[in-house]
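These are the residues of each chain, in order.
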Amino acid sequence: MEMLSIRKEDNNTVCGNKNVVTLTRSDIYRGHLLLVNRNHALRQMEGSLELHAIDNLPVFDTKRESMRLEKTCLKQLTALLEACNGTQDILVVSGYRSQDEQTELYEASLRENGAAFTSSYVARPGESEHQTGLAVDVGQRTEEVDYICPSFPDTGACQDFKQLAALYGFIQRYKESKEAITNIAAEPWHFRYVGYPHSAIMEEREWCLEEYIEHVKQYQVHQEHAYVEDKDGRAKVEIYYVPIFQDIACIEVPNGTPYTVSGDNQDGCIITIYHDKGTLEKRKHVSSENEHMDLHYAPLSDYYRSKNSQIQWAESYDGR
């Protein structure tokens with residue numbers, strides 16, 4: 001299983017055993033952890049998205065041009081559908097939508113379903129995750145499929161998809177318990193790619209994306225950072241937040257250590273560094289039995305055991 005795509009070295013300078021990374025304000029508006037909602041409209045340019053056609057997965061026929069998704073999102077969705085044996089029973093109903101497509105859908109829903117329904121299930125143009133290429137609606141393969149609210153029950157391959165989603169970097173974006181925060185009704189068919197281990201943390205803590213980003217912001221670049229580890233202690237992931245108030249900000253990461261950068265679509269970037277065992281100073285371990293533990297040093301061992309004991313960190317860590 002592949003993690004987030006590793007950041008290219010275009011804006012980096014190697015200094016001794018440190019890699020100096022330059023971040024600009026444009027980095028705030030790209031990446032897998034972008035928060036797009038009513039309060040944070042999408043600011044990423046459509047032409048900057050790396051979209052790939054969904055050629056090898058079963059799709060719902062909408063008589064539109066070929067469905068597309070962001071490159072890594074599509075790769076992980078394909079792996080997830082194969083893992084849950086869902087290619088025969090699950091359809092990709094909706095993927096990337098352009099501004100024009102989202103406008104068309106929103107206005108059609110207003111006419112056909114009314115303002116209350118549309119406000120609950122269809123985001124306004126510019127405020128839809130589908131415009132990032134990182135959101136996908138999936139549905140159970142049936143004779144009739146509802147394009148806006150496809151059926152995705154807690155049975156069979158659909159249930160397996162939900163149980164495995166976080167291990168492949170996906171979260172169910174809109175849950176019933178989070179409607180007051182997301183301002184969207186529960187959508188069991190709508191999954192958002194955020195990348196691993198962020199997806200696993202959100203699933204384990206029952207946080208929506210809005211809540212997760214607020215928690216990560218507590219761990220800023222020049223302060224204490226957050227750490228998670230695989231169940232066997234073979235690797236650790238370091239996570240912290242870099243606010244970008246000026247035109248640029250510079251950070252240091254260990255030279256040769258894989259890392260990713262994602263903007264939050266607000267005012268900064270989330271840095272994720274993938275350390276091998278032994279590259280971090282040994283840190284205080286917080287018991288997974290503590291119901292009130294903070295994000296800091298949180299182990300994911302219980303999550304792995306409860307979801308799928310066969311999936312190990314080595315399968316998701318590609319060693320780059």
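Residues numbered from 1 in each chain as written. Predicted model: local features only at pLDDT ≥ 70, side-chain atom pairs only at ≥ 80, totals over all residues. Heavy atoms only, no water.

(A) Representation of the layout of surface pockets. Its boundaries defined by the atoms lining it, the second largest pocket holds a volume of some 290 Å³. Together, 24 residues line the second largest pocket, and Tyr121, Val122, Ala123, Arg124 and Ile184 are the ones closest to its centre. The set of elements that each furnish at least two residues to the lining of the second largest pocket consists of helix 2 (99-113), helix 3 (115-121) and strand 8 (187-193). Residues belonging to the lining of the second largest pocket are distributed by class as follows: ten nonpolar, seven polar and seven charged. (1 Å grid on protein atoms, 1.4 Å probe; cavity = no way out; pocket = protein on both sides within 12 Å on 5 of 7 lines; lining within 4 Å. Points joined across faces, edges and corners; volume = space filled by probe spheres on them. Helix = DSSP H or I, 4+ residues; strand = E, 2+ residues; numbered from the N terminus. Nonpolar A, V, L, I, M, F, W, Y, C, P; charged D, E, K, R; others polar.)

(B) View of the confidence of the model for the protein chain. For the protein chain, mean pLDDT is 82; residues scoring 70 or higher make up 79% of the total. Segment residues 1-10 is flagged for pLDDT under 50; beyond a separation of four residues in sequence, or across chains, it makes 46 contacts in the model. Across residues 279-320, confidence stays below pLDDT 50; counting only partners more than four residues off in sequence or on other chains, it has 98 contacts. (pLDDT = per-residue confidence, 0-100. Contact = heavy atoms within 4.5 Å.)

(C) Focus on the pattern of salt bridges. Counted under the stated rule, the structure contains 13 salt bridges. Arg30 is paired through a salt bridge with Asp27; the nearest N and O atoms lie 2.8 Å apart. Of the residues examined, Arg30 reaches a relative accessible area of 40% and is grouped as partly exposed. A single salt-bridge network, built from bridges that share partners, covers Glu129, Arg173, Arg192 and Glu210. (Salt bridge = Lys/Arg side-chain N within 4 Å of Asp/Glu carboxyl O. Buried < 20%, exposed > 50% of the residue type's maximum accessible area, 1.4 Å probe, protein only.)

(D) Quick peek at the nonpolar core. Among the nonpolar cores identified, the biggest contains 29 residues, and Leu77, Ile90, Val136, Phe152, Phe161, Phe170 and Phe191 are the most heavily contacted of them. Of all the secondary structure elements, the ones that give two or more residues to this core are helix 1 (71-83), strand 5 (90-94), strand 6 (135-140), helix 4 (156-164) and strand 8. When residues in this core are grouped by element, the largest group, five residues, is from helix 1. With residues up to four places along the chain from it excluded, the contact list for Val136 reads Leu69, Leu77, Val92, Ser94, His130, Phe170, Trp189, His190 and Phe191. Core analysis: the second largest hydrophobic core is formed by 19 residues, Leu33, Ile171, Ile201 and Trp207 among them. (Core = buried A, V, L, I, M, F, W, Y, C linked by side-chain atoms within 4.5 Å.)

(E) Structural detail: the packing of aromatic side chains. In total, this model carries eight aromatic pairs according to the counting rule given. Ring plane angle 40 degrees and centroid distance 4.9 Å describe the contact between Phe117 and Tyr121, whose orientation is recorded as tilted. You can see Phe117 and its partner Tyr121 sitting in helix 3, four residues apart, about one turn around the helix. Each member of the aromatic cluster is reached from another via a ring pair, and the members are Phe117, Tyr121 and Trp189. (Phe/Tyr/Trp six-rings, centres within 6.5 Å; stacked < 30°, edge-to-face > 60°.)

(F) Structural detail: the sheet that holds strand 8. Strand order in the open sheet made by the four strands is 5-6-8-7, with antiparallel pairing throughout. Since the sheet does not close on itself, it has two edges, and those belong to strand 5 and strand 7 (170-174), each with one partner. Within this sheet the neighbouring strands show an average axis-to-axis angle of 45 degrees, counted without direction. Across four bridges, the pairing between strand 5 and strand 6 is antiparallel. Note on strand 6: the bridge partner recorded for Leu91 is Gly139. (Pairing = 2+ DSSP bridges. Axes fitted to C-alpha atoms, helices over the stretch in contact; angles between N-to-C directions.)

(G) Seen up close, the pairing of strand 12 (residues 259-263). Of all five residues in strand 12, five are buried, a share of seventy percent or more. Because side chains alternate across strand 12, one face comprises the buried residues Tyr259, Val261 and Gly263, and the other comprises Thr260 and Ser262, equally buried. Relative to strand 13 (residues 268-276), strand 12 runs antiparallel, the two being bridged by five bridges. In the sheet register, Gly263 faces strand 13, and the bridge partner there is Cys269. From the end of strand 12 to the start of strand 13, which pair antiparallel, there are four residues, and Asn265 there has a positive phi angle of about 65 degrees.

(H) A look at the environment of Val122. Take Val122: it is sitting in the loop between helix 3 and strand 6. Residue Val122 is classed as buried on the basis of its relative accessible area, which comes to 4%. Setting aside residues no more than four positions away along its own chain, Val122 makes contact with Gln102, Leu105, Tyr106, Ser109 and Ile148.

(I) Quick peek at unusual backbone geometry. Of the consecutive residues Tyr196 and Pro197, the connecting peptide bond is found in the cis state with omega at 10 degrees. One can find Pro197 in the loop between strand 8 and helix 6 (198-205). Positioned with a positive phi, Asn183 is a non-glycine residue whose angle comes to about 65 degrees. Phi at Asn265 is positive, roughly 65 degrees, even though this residue is not glycine.

(J) Spotlight on helix 4. Taken as a whole, helix 4 has its buried residues at Ala157, Cys158, Phe161, Lys162 and Leu164. On the buried face of helix 4, the contacting elements are helix 1, strand 5, strand 6 and strand 8.

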